[in-house]
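Architecture at a glance
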Amino acid sequence: MSFQSAAKVTLRDAQLRRNVGKATGLIRAKRERAVAELPDWEALRDAGEAIKARTMATLPEQLERLEAAVTAAGGTVHWARDGAEANAIVASIAKQHGADEVIKVKSLATDEIGMNEALEAEGIHALETDLAELIVQLDPEDKQSHILVPAIHRNRAEIRALFERTIAQGQTLGYEASAIAEAARLHLRHKFLTVPVAVSGANFAVAETGTVGVVESEGNGRMCLTLPRVLVTLMGIEKVLPAWQDLEVFLQLLPRSSTAERMNPYTSLWTGVREGDGPQEFHLVLLDGGRSQVLADEVGRAALHCIRCSACLNVCPVYERVGGQAYESVYPGPIGAILTPQLRGLGEAPSLPWASSLCGACYEVCPVKIDIPSILIHLRGRVVREEKSSLTPEALAMKGMAAAFATRRRYEAAQRLARLGRGPLAKAALPGWTAMRDLPEPPKETFRDWWRRERES
Amino acid sequence: MKVALFITCFNDTLFPGAGKAVVRLLERLGCQVEFPFEQTCCGQMHVNSGYAHEAGGLHERFVRVFDEFEAVVSPSASCVAHVRERIPSIGPRVFELTEFLIDELGVVDVGASFPHRVTFHPTCHSLRLLHVGDRPLRLLREVRGIDLVELDGARECCGFGGTFAVKNADTSMAMLSDKVRHVLDTRAEVCTSADTSCLMHIGGALSRGRTGVRTMHIAEILAAQE
Ligand code: SF4
């Protein structure tokens, strides 16, 4: 479905719009305060951008360093060209350990490749342990709508009802957030202690040391990362960082941008395996999944710098109105509009680069300074040139207008037609406008007619 | 000072009033204004809609038409931002009106009087591409008799976005209705801004809703001597 049609559907859902509007409004104000506390915020953003750009320029080398360091620390590195390969690797590891269930740390990369469904098809149930992911997973009709808070579109009453139906097994729950969380806690605790295999994503992986990191708020991730015997981490190849010291920059940028916290409650960093402490087997799966193709586009590649903080979603006026599901991807909002079409191929999501008014709010907050509006414009150009015929009505109108603007004589003729509601200028502007807005009365004379009359006679 | 007026195709055709006001205002402040008739369009709409390949000629044309001038002034923040970014050879000499008044002419009080209740919508491109900051508000505050009311959620996009307003009309309208609600909350008679494109969008809804609130380009208020 095109973004326009999907948005038409979600825009009709007033409850969703209220839920999303309220949640993004709150987090937006909090982020602003958290960022204002740091006098060197702009310098940090510059540093974040520079580190990411440098990493992308040397990506193959960084990945090989990472592989060597992880292996030296006792881990195993796997390379996956696409989602299917990655899913097969994870399934085979789970099977080797006889697991019919794995517990999961919240991970966008695994959602991107549909890992839960792929494992299910192999007879392995993947249980989400992040509270919001769990909420979405428990409702077969539901889908994630936000990078950080996948259930941002649901309010407390809806979640309470869902839990009563599912994990609380018909029991009545209290109205307080703590009572609802307790139901999830009871359900999950048992799993943490018994399931032998955990699957996670990664926020960072340091090539220098082979250290992999996950930041989170709940501590459920920490449980998955430390209790099971076997840990499998799936990571997009763009998540690598060259040096340990680079973490200094991102561990400041990420929490303030994403949850508006000075520091996130749980930062888990692990390097390979250590006897008697944590998982005794560690696998790192490096996923390409279209990323090298993104890297080949010099303008578009900055989308790979994203650290998934979700700040751009929270400030986006389009996202705020339509919600995440209209983007039909695990990456919604402004970052989704530039990442999804590049990862899947422009032909697969050709309307997404237009899902923006180019207001620039995303670029203003992005902690790694991804110029999302410029990339949107760039991708629009690519869609028009690579995916569309040069004979669409729009293309012809644009061509007509470019021709009209090319000489003064033709331009002035087109102006006269436009004032009569005809010709290339009017054709491009009229349809779709007047359904909901009035058009101003056309002026009696154009500016240049006035000037000619007043000044030159 | 001698300046060229870059009116923009949009204002030339649909909102000549904004251009006339710029001329009146600049002449009152002692500038000699010229209007190069060969000007047409800066190419912004083509570039932003994915037709950058059709805009090259327009960029070249812009340079040909305006190159001889030391300063070019325009009543459109959006088009000035486009020129600055895409036509770097001439960009630094092209100014949005409020930038020009404050930074080049060094005036804040332009001698206007406009005894009405007014609210100001800053527009995304003024704020985030040109970084004009509070320049427009500083100019408005000096206008005699004006009752300037702050607009809630002022920094939020009104939902125009060029072809976005038509291509994603439903989303655009959802954004617009919030903007209009904030405008009505101010009980202002006039909603003003540095871009007539956003104003056409906001004004279109104000008019459809028969609210009685008018839209005016900021130049028209700064030129007024009621
Ligand atoms: S694009 Fe920037 S703001 Fe958006 S999620 Fe990624 S890092 Fe955060």
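Residues numbered from 1 in each chain as written. Chains lettered and ligands numbered in written order. Predicted model: local features only at pLDDT ≥ 70, side-chain atom pairs only at ≥ 80, totals over all residues.

**Focus: the overall build of chain B**
Stated formally: Secondary structure counts use DSSP, requiring at least four H or I residues in a row for a helix and at least two E residues in a row for a strand, with both numbered from the N terminus. We compute the radius of gyration over the C-alpha atoms and compare it with the globule rule, which gives 2.2 Å times the number of residues raised to the power 0.38. Once C-beta atoms are placed from the backbone, each residue is buried if 20 or more other C-beta atoms lie within 10 Å of its own, exposed if 12 or fewer, and partly exposed for counts between those two. The contact rule is simple: place each C-beta atom from the backbone, and if two of them lie within 7 Å, those residues are in contact.
Along chain B, the regular secondary structure elements total 12 helices and 8 strands. Here the C-alpha atoms of chain B give a radius of gyration of 17 Å, agreeing with the 17 Å that 2.2 N^0.38 yields for 226 residues. Looking at chain B as a whole, 59% of its 226 residues qualify as buried. Within chain B, contacts between residues at least 6 apart in sequence are counted, and of these 73% link residues at least 24 apart.

**Quick look at the overall build of chain A**
Assigned secondary structure in chain A consists of 22 helices and 10 strands. Along the first, second and third principal axes, the C-alpha set of chain A runs to 95 × 55 × 45 Å. When each of the 457 residues of chain A is scored for burial, the buried share is 49%. Of the contacts formed within chain A by residues at least 6 apart in sequence, a portion of 74% connects residues at least 24 apart.

**Observations concerning the site of the ligand**
Selection rule: Each residue gets a C-beta atom placed from its backbone. If that atom is within 6 Å of a molecule or strand, the residue is near it. Side-chain classes follow a simple rule in which Ala, Val, Leu, Ile, Met, Phe, Trp, Tyr, Cys and Pro form the nonpolar group, Asp, Glu, Lys and Arg form the charged group, and the remainder, Gly included, forms the polar group.
Residues in contact with the ligand amount to 14 residues; listed here are only the nearest, Cys306, Cys309, Cys312, Ile335 and Cys366 of chain A. The residue makeup of the shell around the ligand, split by class, is 11 nonpolar, 2 polar and 1 charged.

**Topic: the sheet that holds strand 4 (residues 94-96) of chain B**
All names here are of chain B. Just so we agree on the cut-off: Being paired, for any two strands, means DSSP has found at least two bridges between them. Note on geometry: axes are lines fitted to C-alpha atoms, helical ones only across the stretch in contact, with angles between N-to-C directions running from 0 to 180 degrees.
Spatially, 4 strands are ordered 2-1-3-4 in an open sheet, and the strand pairing comes out parallel. The outermost strands of the open sheet, each flanked by one partner alone, are strand 2 (32-34) and strand 4. Neighbour-to-neighbour, the strand axes of the sheet open up by a mean angle of 35°, direction not taken into account. Bridge analysis of strand 3 (residues 72-74) against strand 4 gives 3 bridges, and the strand direction is parallel. For Val72, the partnering residue across the bridge sits in strand 4 and is Val94.

**Describing the UniProt feature "domain: Cysteine-rich" (unreviewed entry) in chain B**
What counts here: UniProt positions are given in the numbering used here, feature names are shortened, and annotations may be inferred rather than shown by experiment.
As recorded in UniProt, the sites labelled "domain: Cysteine-rich" (unreviewed entry) are residues 3-83 and 118-202 of chain B. From the first C-alpha to the last, residues 118-202 of chain B spans 14 Å; its make-up is 48% helix and 12% strand.

**Thoughts on the sheet that holds strand 6 (residues 211-216) of chain A**
All names here are of chain A. Spatial ordering of the open sheet is given by 8-5-6-9, a layout of 4 strands whose pairing is mixed. The two strands at the open ends of the sheet, each matched to only one other strand, are strand 8 (240-241) and strand 9 (266-271). Note: strand 5 (residues 204-206) against strand 6, 3 bridges, orientation antiparallel. In the sheet register, Phe204 faces strand 6, and the bridge partner there is Gly213. Across the face of the sheet, helix 12 (residues 246-258) comes into contact with strand 5, strand 6, strand 8 and strand 9 while running at roughly 170° to strand 5.

**Regarding unusual backbone geometry**
With phi around 55°, Arg308 of chain A is a residue other than glycine that occupies positive phi space. Topologically, Arg308 of chain A is positioned in the loop between helix 13 (291-295) and helix 14 (311-315).

**A closer look at the interface of chain A and chain B**
On the chain B side, the residues contacting the 47 residues of chain A number 51 residues. At the level of elements, helix 1 (3-11), helix 15 (317-322), helix 18 (372-387), helix 19 (393-406), helix 20 (408-419) and helix 22 (447-455) of chain A are the ones that each hand at least two residues to the side of chain A that touches chain B. Tallying contributions element by element places helix 18 of chain A first for the side of chain A that touches chain B, with 6 residues. Residues that form the side of chain A that touches chain B fall into these classes: 29 nonpolar, 7 polar and 11 charged.

**Focus: the packing of helix 9 (residues 156-165) of chain A against helix 10 (residues 177-194) of chain A**
Residues and elements named next belong to chain A. Stated formally: By definition, turning the near helix anticlockwise from the far helix through less than a right angle yields a left-handed crossing, and turning it clockwise yields a right-handed one.
One can describe the packing of helix 9 onto helix 10 by two numbers: an axis separation of 10 Å at closest approach and a directional angle of 35°. In this structure, helix 9 crosses over helix 10, and the sense of that crossing is left-handed. Together, Arg156, Ile159, Arg160 and Phe163 of helix 9 and Ala177, Ile180 and Ala183 of helix 10 make up the contact between the two elements. Of the residues that constitute the contact of helix 9 with helix 10, the class distribution is 5 nonpolar, no polar and 2 charged.

**Focus on the domain arrangement of chain B**
The figure often quoted for interface size is the accessible area lost as the parts come together. All names here are of chain B. Stated formally: Here the bounds of each domain stem from an automatic or database domain assignment.
Partitioning chain B into domains gives domain 1 (2-104) and domain 2 (117-223). One C-alpha centre belongs to domain 1, the other to domain 2; they are set 21 Å apart. Across the contact, 24 residues belong to domain 1 and 22 residues belong to domain 2. The set of elements that each furnish at least two residues to the side of domain 1 that touches domain 2 consists of helix 1 (9-14), helix 2 (16-28), helix 3 (44-48), helix 5 (77-86) and helix 6 (97-104). If one sorts the elements of the side of domain 1 that touches domain 2 by residue count, helix 2 sits on top with 6 residues. Its residues assigned to classes, the side of domain 1 that touches domain 2 comprises 14 nonpolar, 7 polar and 3 charged.

**Regarding helix 4 (residues 59-72) of chain A**
Residues and elements named next belong to chain A. Just so we agree on the cut-off: One less than the residue count of a helix, multiplied by 1.5 Å, gives the span that helix is expected to have.
Compared with an ideal rise of 1.5 Å per residue, which puts 14 residues at 20 Å, helix 4 spans 20 Å between its outermost C-alpha atoms and is within 8% of the ideal. Along helix 4, the positions that sit buried rather than exposed are Gln62, Leu63, Leu66, Glu67, Ala69 and Val70. Residues of helix 4 that are buried in the fold lie against helix 3 (41-57), strand 1 (76-80), strand 5, strand 8 and strand 10 (281-287). Following helix 4 by one or two positions, Gly74 has its phi on the positive side, about 95°.

**A short note on the UniProt feature "domain: LUD" (unreviewed entry) in chain A**
Under the UniProt annotation, "domain: LUD" (unreviewed entry) lies at residues 63-287 of chain A. Helix and strand shares over residues 63-287 of chain A are 41% and 21% respectively, and the end C-alpha atoms of the span are 11 Å apart.

**Points about the environment of Pro440 of chain A**
Residue placement: Pro440 of chain A occurs in the loop between helix 21 (423-429) and helix 22. Setting aside its immediate chain neighbours within four residues, Pro440 of chain A contacts Leu14, Met200 and Gly203 of chain B.

**Observations regarding the pairing of strand 2 (residues 101-104) of chain A**
Residues and elements named next belong to chain A. As paired strands, strand 2 and strand 3 (residues 125-128) are joined by 4 bridges and run parallel to one another. What sits directly across from Glu101, in strand 3, is His125. Pairing of strand 2 with strand 4 (residues 197-200), which is carried by 2 bridges, proceeds in the parallel orientation. Opposite Lys104, over in strand 4, you have Val199 as the bridge partner.

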